[in-house]
Amino acid sequence: MAAPSIVVLTGAGISRESGLATFRDADGIWAKVRIEDVATPEAFARDPARVHAFYNARRAQLRDPAILPNAAHHALAELEARWPGDFLLVTQNVDSLHDRAGSRRLLHMHGELMKARCRHCGAVSPWEADLSTATPCPACGKAGGMRPHVVWFGEMPLHMEEIGAALDRCGLFVAIGTSGQVYPAAGFVAEVRGRARTVELNLEASAVRGDFDEARHGKATEIVPRFVAELLARC
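Residues numbered from 1 in each chain as written. Predicted model: local features only at pLDDT ≥ 70, side-chain atom pairs only at ≥ 80, totals over all residues. Heavy atoms only, no water.

As for the overall build of the protein chain
Under the convention used in this document: Where helices and strands are cited, they refer to DSSP runs of H or I of at least four residues and of E of at least two residues respectively, numbered from the N terminus. Only C-alpha atoms enter the radius of gyration; for comparison, a globular chain is expected to reach 2.2 Å times N to the power 0.38, where N is the number of residues. Only protein chains enter the calculation, and the probe is 1.4 Å; a residue is then buried if its accessible area is under 20% of its type maximum, exposed if over 50%, and partly exposed in between. Residue contacts are defined here by distance: any two heavy atoms, one from each residue, within 4.5 Å place the two residues in contact. To measure how exposed things are, a 1.4 Å probe is used in the Shrake-Rupley method; for residues, cover is taken only from the protein chains shown. Positive charges come from Lys and Arg, negative ones from Asp and Glu, while His and the chain ends are left out of the count. Each charge is placed at NZ for Lys, CZ for Arg, CG for Asp and CD for Glu.
Check the secondary structure of the protein chain and you find eight helices and nine strands. Computed over the C-alpha atoms, the radius of gyration of the protein chain is 18 Å, within 12% of the 18 Å expected from 2.2 N^0.38 for a compact globule of 235 residues. Counting only residues that meet the buried cut, the protein chain has 50% of its 235 residues in that class. Within the protein chain, residue pairs in contact and separated by at least 24 positions form 63% of the contacts whose partners lie at least 6 positions apart. Of the roughly 10800 Å² of accessible surface on the protein chain, 52% is carried by carbon and sulfur atoms. Of the charged side chains in the protein chain, 27 are positive and 28 negative; the average position of the first set lies 2 Å away from that of the second.

If you want it as structure tokens, here you go:
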């Protein structure tokens, strides 16, 4: 019997144990900073310096040598490497921890913090340093147009056509570390329900827990490697 196609969706909860803050928890990022001030196109048009300062601080945190992929990131990279069927990892996270763990069949639907995009020419460039309104584009040389390569509220997530095709053919959908409050990602489980096995791996029940066939709750570094080991033992 052929191995089912797998789609894995991850959210900020998978990176919590690596030392990165989540967004919607009581002590998360959006409890301390208003979305409207730093994560919308309007905020960037109104006060680009403030938006750059917010993302520069988050980029600096990712450069911290202590921020490393954890056991959950590594388990998903192993699943990708060893699974005999189709596999796609879709992350809502803008951090680079999945990439650093070795995941390659990976789509960042909300963009990547370690990349910058030019509003003048559209070029996307690897970027680890700070950005400012004076930063020139490496591709076209113009200043004033560089922005974080992240999807802000009110913008369309990336790779939706490819994600949709993967959901159409998947036989197993797994959501890890997600709140179930951010769409369209929170709606993925409803798209596949009834034709794919659906599993939630989360610290606690998400807002869409009722749409999943199965849920396991606990630390990502414990429940994700255990779940991956079970899958690989059967293939």
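Re the sheet that holds strand β4 (residues 111-118)
Inclusion rule: A pair of strands is labelled paired if DSSP reports no fewer than 2 bridges between them. Fitted lines through C-alpha atoms serve as axes, helices being fitted only where they are in contact, and the angles separating the N-to-C directions of these axes extend from 0 to 180 degrees.
Read across the sheet, three strands follow the order β5-β4-β6 without closing on themselves; strand pairing throughout is antiparallel. Each edge of the open sheet is held by one strand with a lone partner, namely β5 (124-126) and β6 (146-150). If you compare each strand with its neighbour and ignore which way they point, the axes differ by 45 degrees on average. Running at roughly 135 degrees to β4, helix α3 (residues 48-63) makes contact with β4 and β6 of the sheet.

Considerations on the domain arrangement of the protein chain
In plain terms, the rule: Domain start and stop points were drawn from an automatic or database domain assignment. Joining two parts hides part of their accessible area as seen by a 1.4 Å probe, and the buried area is that hidden amount summed over both. The rule for a salt bridge is simple: a side-chain nitrogen of Lys or Arg has to be within 4 Å of a carboxyl oxygen of Asp or Glu. Under the rule applied, a polar contact is a pair of N or O atoms within 3.5 Å (in protein, one hydrogen donor and one hydrogen acceptor; residues adjacent in sequence only if both atoms are side-chain atoms).
On domain assignment, one finds that the protein chain holds domain 1 (1-20 + 69-110 + 157-234) and domain 2 (21-66 + 114-150). Each of domain 1 and domain 2 was reduced to a C-alpha centroid, and the two centroids are 26 Å apart. Across the boundary between the two partners, domain 1 contributes 15 residues, which contact 12 residues of domain 2. Interface area for domain 1 against domain 2, summed over the two sides, is near 1100 Å², with a carbon-plus-sulfur share of 55%. Contact with domain 2 buries surface across domain 1, with Arg16, Leu20 and Val94 losing the most and accounting together for 43% of the total. For the pair domain 1 and domain 2, the number of links is zero salt bridges. The interface formed by domain 1 and domain 2 includes one residue pair in polar contact (both at pLDDT 80 or more).

Here we look at the packing of aromatic side chains
Heads up, the rule is: Any pair of Phe, Tyr and Trp rings, taking the six-membered ring for Trp, is counted once the centres come within 6.5 Å. Such a pair is stacked with planes under 30 degrees apart, edge-to-face with planes over 60 apart, and tilted for the rest.
Using the criterion set out here, one finds four aromatic pairs in the structure. Between the aromatic rings of Tyr55 and Trp152, the centroid separation amounts to 6.4 Å while the plane-to-plane angle is 45 degrees, which identifies the pairing as tilted. Highlighted residues: Tyr55 in helix α3 and Trp152 in the loop between β6 and α6 (160-169), separated in sequence by 97 residues. In this structure Tyr55 comes out as buried when scored by relative accessible area, which is 5%. On the basis of relative accessible area, Trp152 is assigned to the buried category, the value being 3%. Plain terms: the ring middles of Phe173 and Phe212 are 6.3 Å apart, the flat faces sit at 20 degrees to each other, and that makes the pair stacked. Here Phe173 is found in strand β7 (residues 172-176), whereas its partner Phe212 is found in the loop between β8 (197-202) and β9 (214-217), with 39 residues between them in sequence. For Phe173, a relative accessible area of 1% translates into the label buried. Put simply, the rings of Phe44, Phe54, Tyr55 and Trp152 touch in pairs and so form one group of aromatic residues.

Digging into the UniProt feature "binding site: substrate" (unreviewed entry) in the protein chain
Basically, it comes down to this: UniProt positions are given in the numbering used here, feature names are shortened, and annotations may be inferred rather than shown by experiment.
The residues that UniProt annotates with the feature "binding site: substrate" (unreviewed entry) are Tyr55 and Arg58. Sequence-distant contacts of Tyr55, that is, excluding residues within four places in its chain, are made with Val38, Ala39, Leu113, Pro148, Val150 and Trp152. The buried category is assigned to Arg58, whose relative accessible area is 17%.

Side note on the environment of Asp211
Looking at the element boundaries, Asp211 is found in the loop between β8 and β9. For the pair formed by Asp211 and Pro48, sequence separation is 163 residues and the distance between their alpha carbons is 39 Å. In this structure Asp211 touches Val189, Ala190, Arg193 and Thr198, once residues within four positions along its chain are discounted. Of note is the side chain of Asp211, whose polar atom sits 2.3 Å from the side chain of Arg193.

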